[in-house]
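# Commentary on secondary and tertiary structure
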Amino acid sequence: AELGCFRIWIGSESGSQRLLDSMDRGVKVEQVQRAVSMTRARNIQSGMFLMWGYEGEQMEDIEATIDHVRKTQPDIFFTTVSYPIKGTPYYTEIQRKLVQLKPWGQSSDREIKIRGRHSRDYYAHADKLLRAEVQLARLNQGAGNPSDVHQLEMEIAVARQNLAATASEVEA
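So, here is what we can say about the structure in this document. All values derive from a computational prediction rather than experimental measurement. (Residues numbered from 1 in each chain as written. Predicted model: local features only at pLDDT ≥ 70, side-chain atom pairs only at ≥ 80, totals over all residues. Heavy atoms only, no water.)

## A few points about the overall build of the protein
- Per the secondary structure count, the protein includes 6 helices and 5 strands.
- From first element to last, N terminus to C terminus, the protein shows the α and β order β-α-α-β-α-β-α-β-β-α-α.
- Overall, the protein is about 50 × 40 × 30 Å in size when its C-alpha atoms are taken along their principal axes.
- Evaluated residue by residue, the protein yields a buried proportion of 38% over its 172 residues.
- In the protein, once contacts between residues fewer than 6 apart in sequence are set aside, the share between residues at least 24 apart is 72%.
- Accessible area for the protein stands at about 9,700 Å²; split by element, carbon and sulfur atoms hold 52% of it.
- Between the centroid of the 22 positive side chains of the protein and the centroid of its 23 negative side chains there is a distance of 4 Å. (Helix = DSSP H or I, 4+ residues; strand = E, 2+ residues; numbered from the N terminus. Buried < 20%, exposed > 50% of the residue type's maximum accessible area, 1.4 Å probe, protein only. Contact = heavy atoms within 4.5 Å. Areas by Shrake-Rupley, 256 points an atom, 1.4 Å probe, with all protein chains shown as cover. Lys, Arg positive; Asp, Glu negative; His and termini not counted. Charge placed at Lys NZ, Arg CZ, Asp CG, Glu CD.)

Shown next as structure tokens:
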């Protein structure tokens, strides 16, 4: 902070140790949590990158990620749906499931669908659930307005219902 650093970005990717291990990230969930705590102790903000939809992800992995972010409380976090980058082990692992929408010269690595993966709607509901759960945790740490708490609890219930309702939808 003394040198002007105001935020450190952490590629947490997931709160599921099982998924982190399958990604070969070489990091433990506890290390990420400790890093966020250390930045906070030094008055430096923490930003976290998270990823939905990595191969093999299950509902318990989504719940682990939500719990991880709720406990860790980064100042800001962004999510994305995983996408294979040609030449990476992930690409090689799922290459047989890829559905290319356009020729490579006319598209990007984000314009590929993965056969059998949950739909984009499913991950949008996971995202809504994550954001509402984290916001509720922040409200509960302070003296949250009861009507705000109730509203968030309703949003969480709807997000959980929608997540369950779209669980069988697949991308391609």
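## Remarks on the packing of aromatic side chains
- Tallied over the entire structure, the rule returns 5 aromatic pairs.
- Ring geometry for Tyr-54 and Tyr-90: centres 4.5 Å apart, planes at 20 degrees, overall stacked. Taken together, the residues Tyr-54 in the loop between β2 (45-52) and α3 (59-72) and Tyr-90 in helix α4 (residues 89-94) connect sequence positions 36 residues apart. The two residues Tyr-54 and Tyr-90 agree in class, both being buried.
- Following the ring pairs from residue to residue traces out a cluster consisting of Trp-9, Phe-49 and Phe-78. (Phe/Tyr/Trp six-rings, centres within 6.5 Å; stacked < 30°, edge-to-face > 60°.)

## Side note on the pairing of strand β3 (residues 76-81)
- Here β2 pairs with β3 via 6 bridges, running parallel. In the sheet register, Met-48 faces β3, and the bridge partner there is Phe-77.
- Handedness of the β-α-β unit built from β2, α3 and β3 comes out right-handed. (Pairing = 2+ DSSP bridges. Right-handed = clockwise from strand over helix to strand, strands pointing away.)

## A word on the pattern of salt bridges
- In the structure shown here, the tally under the stated rule is 11 salt bridges.
- Note that Arg-25 is salt-bridged to Glu-13, the shortest N-O span being 4.0 Å. Of the two residues, Arg-25 sits in the loop between α1 (17-22) and α2 (29-41) while Glu-13 sits in strand β1 (residues 7-13), which places them 12 residues apart along the sequence.
- Between Arg-70 and Asp-67 there is a salt bridge, with its nearest N and O atoms 3.2 Å apart. One end of the pair is Arg-70 and the other is Asp-67, both in helix α3 and 3 residues apart, which spans about a single turn.
- The network of salt bridges with common partners includes Glu-63, Asp-67, Arg-70, Lys-71, Glu-133 and Arg-160. (Salt bridge = Lys/Arg side-chain N within 4 Å of Asp/Glu carboxyl O.)

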